[in-house]
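What the coordinates show
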Amino acid sequence: MYSYPQLSEEHSLVRKTAREFAERRVAPLARRIDEGEYPRELLREMGELGLLAPHIPQEYGGAGLDFRSMVVAVEEIAKASPALATVMEVQGSMIAWNLYHYASEQAREKWLEDAAKGRKIIAFALSEPCCGSDAAAIQTRAEKRGGEWAINGVKLWITSGLYADAYLVAARTGPPELRHKSISLFLVERSPCVEVSPVKVMGVHGTGTAEVKLNDCRVGDEALVGRLNEGFQVVLDDLNNGRTCVGAIGLGIAEAAFAEAYAYTKKRTAFGKPIADFQIVQHYLANIHAQTEAVKHVVYTAALYRDTKDPAFPMYAQLAKVLASRLAVDATRTAMQVMGGFGYSTDSKVEMLYRDAKATEIYEGANEVIMNTIYRFLEKFSP
Ligand SMILES: Cc1cc2nc3c(=O)[nH]c(=O)nc-3n(C[C@H](O)[C@H](O)[C@H](O)COP(=O)(O)OP(=O)(O)OC[C@H]3O[C@@H](n4cnc5c(N)ncnc54)[C@H](O)[C@@H]3O)c2cc1C
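Going by what an unreviewed UniProt entry lists, the protein is known as Acyl-CoA dehydrogenase and is assigned to Thermoproteus uzoniensis. Quoted verbatim from the Sequence similarities (unreviewed entry) heading of the UniProt record, the comment on the protein is "Belongs to the acyl-CoA dehydrogenase family." Entered under Cofactor (unreviewed entry) in the UniProt record, the comment concerning the protein runs "FAD".

Shown next as structure tokens:
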């Protein structure tokens, strides 16, 4: 085990706690989650351990630590269940962060502690059937009627959408031509106005992916998160946290795939020797390891920059997401290849990791769109 200059002794302790929890509680349930079971109880347990939102102050249900602690915890949980890590990072790195930094006093008091402790689940509802990458084009509307906001629209691909107690909904509060300048965020509690239906996806099963219809949901001004018409700024802040955590999920997936493949190739024999003795297999594994170590430095640096408020954080968040998701896809494909038919079997862990890895190239922003952002940032951040 190497040490990383971005991380301290305290982060090693967080890693140890998360790893023990992942091995003891998550790994035995990972298959059930992959079969579709939403891990509600595990989220509660992680909340009690301070793993769900470690960066949130203790008085609001977090562990009073920092964002690097969140990233390290996500990485360890992802090794056992990328699906659980996905739900966890939305709840901790995006929702809890949002409530702490942008929600009204009333909403913060009502929701934050329960969210950070995993007692209440809040989904992040931005994408719509019309538009995911082009999020500034969303069509869900919030209109002021009789002192209340009336919200109508359809959200798609919403993680935890099936089971959430509330939804952080991006809605248009001005002319569509203003695009991102006429979008606001609202906290909408689940009630009969919210209609959810499951969406079948290739991987990250058990995350409760849903279509969420908002049929004239009514909320007051206290439900506004961030300022009116400035919700998109909050979304971008959220997504930078989320993308850093997707970096951690990608790392966890790659490390888990490597561990499976490394052990397998030592014991599997062909042509009278372990397949690990074939040089091409050694190079495949050495290549995953080399890439993983490089990406770790990027992901941990992104988290460090979040903690130190470094202006390079937004750039590093994009780099972390793109590099780690590519790594996850490469590593799981290679691991499956060197494990042959056993890797392709639905009984193997790498088969689950392979399916889960693909999602990391799409959710929290398709990699092509992130590359556009990286290009835009070049002028500001390149040496
Ligand atoms: C498992 C899963 C969970 C998700 N969870 C959530 C959630 O909790 N909340 C939420 O709000 N959303 C969620 N999403 C939605 C996700 O953020 C979107 O799928 C993603 O942003 C891409 O949007 P889209 O699917 O509409 O693809 P589109 O926008 O239709 O894009 C399709 C493809 O076109 C290409 N493309 C699009 N625009 C550009 C461009 N400008 N430059 C170059 N190429 C481009 C890319 O290759 C892209 O993959 C989730 C998605 C998945 C798959």
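Structural notes on the state of the cysteines
Cysteine pairs can be covalently joined through their sulfur atoms, and such a bond is termed a disulfide. All chains considered together, the criterion is met by two disulfides. There is a disulfide in this structure between Cys130 and Cys131, and the S-S distance comes to 2.0 Å. Between Cys130 and Cys131 the sulfur-sulfur dihedral comes to about -50°; the bridge is accordingly left-handed. Cys130 sits in the partly exposed class, given a relative accessible area of 39%. Looking at Cys131, the relative accessible area reads 6%, which means it is buried. With its bonded cysteines labelled in order along the sequence, the protein shows the pairing 1-2, 3-4.

A look at the pairing of strand β5 (residues 183-189)
Along any regular strand the residues' side chains alternate between the sheet's two faces. With six of seven residues buried, β5 is to be regarded as a mostly interior element. Bridge analysis of strand β4 (residues 166-172) against β5 gives seven bridges, and the strand direction is antiparallel. When the sheet's bridge partners are listed, Ala171 is paired in β5 with Ser184. Two elements, β5 and strand β8 (residues 224-225), share two bridges in a ladder whose sense is antiparallel. If you follow Leu185 over to β8, its bridge partner there is Val225.

What to know about the environment of Ala263
One can find Ala263 in helix α7 (residues 231-267). For the pair Ala263 and Met1, spaced 262 residues apart in sequence, the C-alpha separation works out to 17 Å.

Quick word on the nonpolar core
Formed by 90 residues in total, the largest nonpolar core has its most connected members in Met46, Ile77, Ile151, Phe186 and Val188. Counting residues per element, this core draws most heavily on α7, which supplies eleven residues. The contact partners of Phe186, leaving out residues within four places of it in the chain, are Ala142, Trp149, Ile151, Tyr167, Leu168, Val169, Ala171, Thr173, Val219, Ala223 and Leu224. Grouped together as the second largest cluster of nonpolar side chains are 31 residues, Ala53, Leu112, Ile183 and Leu239 included.

Conventions used here
- Residues numbered from 1 in each chain as written.
- Predicted model: local features only at pLDDT ≥ 70, side-chain atom pairs only at ≥ 80, totals over all residues.
- Heavy atoms only, no water.
- UniProt positions renumbered as here; feature names shortened; annotations may be inferred.
- Disulfide = S-S within 2.5 Å.
- Buried < 20%, exposed > 50% of the residue type's maximum accessible area, 1.4 Å probe, protein only.
- Helix = DSSP H or I, 4+ residues; strand = E, 2+ residues; numbered from the N terminus.
- Pairing = 2+ DSSP bridges.
- Core = buried A, V, L, I, M, F, W, Y, C linked by side-chain atoms within 4.5 Å.
- Contact = heavy atoms within 4.5 Å.

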